[in-house]
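Fold and contact review
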Amino acid sequence: MDFPSLGTPAQRFIIPEQLSHDVNIVYAMASGKYNVALECNNLTDATRYDNFEMQKPSRSFNVKFRYFIRKNNTQFIK
C-alpha cells in the first residue's frame, strides 16, 4: 500500500532508519582559476534506501577538476 491510511501496518512500506556520512575537500589554485575536488559519498559504506525501499549505491569516490575561463576585462570604456 502506498498510502499510510490504507491497509494494515504490515502492508505499509517502511523505510528503515539510515545514517550516511559524506566528505568533500576542495583545493583552489591561482585565485580560483583551477579547482580540484575530492569527494567520498557514504564513507562508512552503510546500507541506504530511497523512498521506494530500493537500495541506493554503496560507497563512491570522485575526483573533479575545474578550469575557470574568464576574460579579465577590468577596464571600462567611457
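Now for a quick tour of the structure. Quick caveat, the model's predicted, so the values are computed rather than measured.

A word on the side chain of Arg48. Turning to its location among the elements, Arg48 is positioned in the loop between β2 (34-41) and β3 (60-67). Buried within the structure, Arg48 lacks any salt-bridge partner; its nearest side chain of opposite charge belongs to Asp22, at an N-O separation of 5.0 Å. When neighbours within four sequence positions are excluded, Arg48 is seen to be in contact with Gln18, Ser20, Asn42, Met54, Gln55, Lys56, Pro57 and Ser58.

As a further point, take the pairing of strand β1 (residues 23-29). Sparse coverage of β1 is indicated by the burial of 0 of its 7 residues. Judged from the 7 bridges that link them, β1 and β2 form a sheet pairing that is antiparallel. Bridge pairing links Ile25 to Leu38 in β2. Hairpin connection, β1 to β2: the antiparallel pair is bridged by 4 residues, and Ala30 has positive phi, about 55°.

Scoring rules and cut-offs
- Residues numbered from 1 in each chain as written.
- Predicted model: local features only at pLDDT ≥ 70, side-chain atom pairs only at ≥ 80, totals over all residues.
- Heavy atoms only, no water.
- Helix = DSSP H or I, 4+ residues; strand = E, 2+ residues; numbered from the N terminus.
- Buried < 20%, exposed > 50% of the residue type's maximum accessible area, 1.4 Å probe, protein only.
- Lys, Arg positive; Asp, Glu negative; His and termini not counted.
- Salt bridge = Lys/Arg side-chain N within 4 Å of Asp/Glu carboxyl O.
- Contact = heavy atoms within 4.5 Å.
- Pairing = 2+ DSSP bridges.

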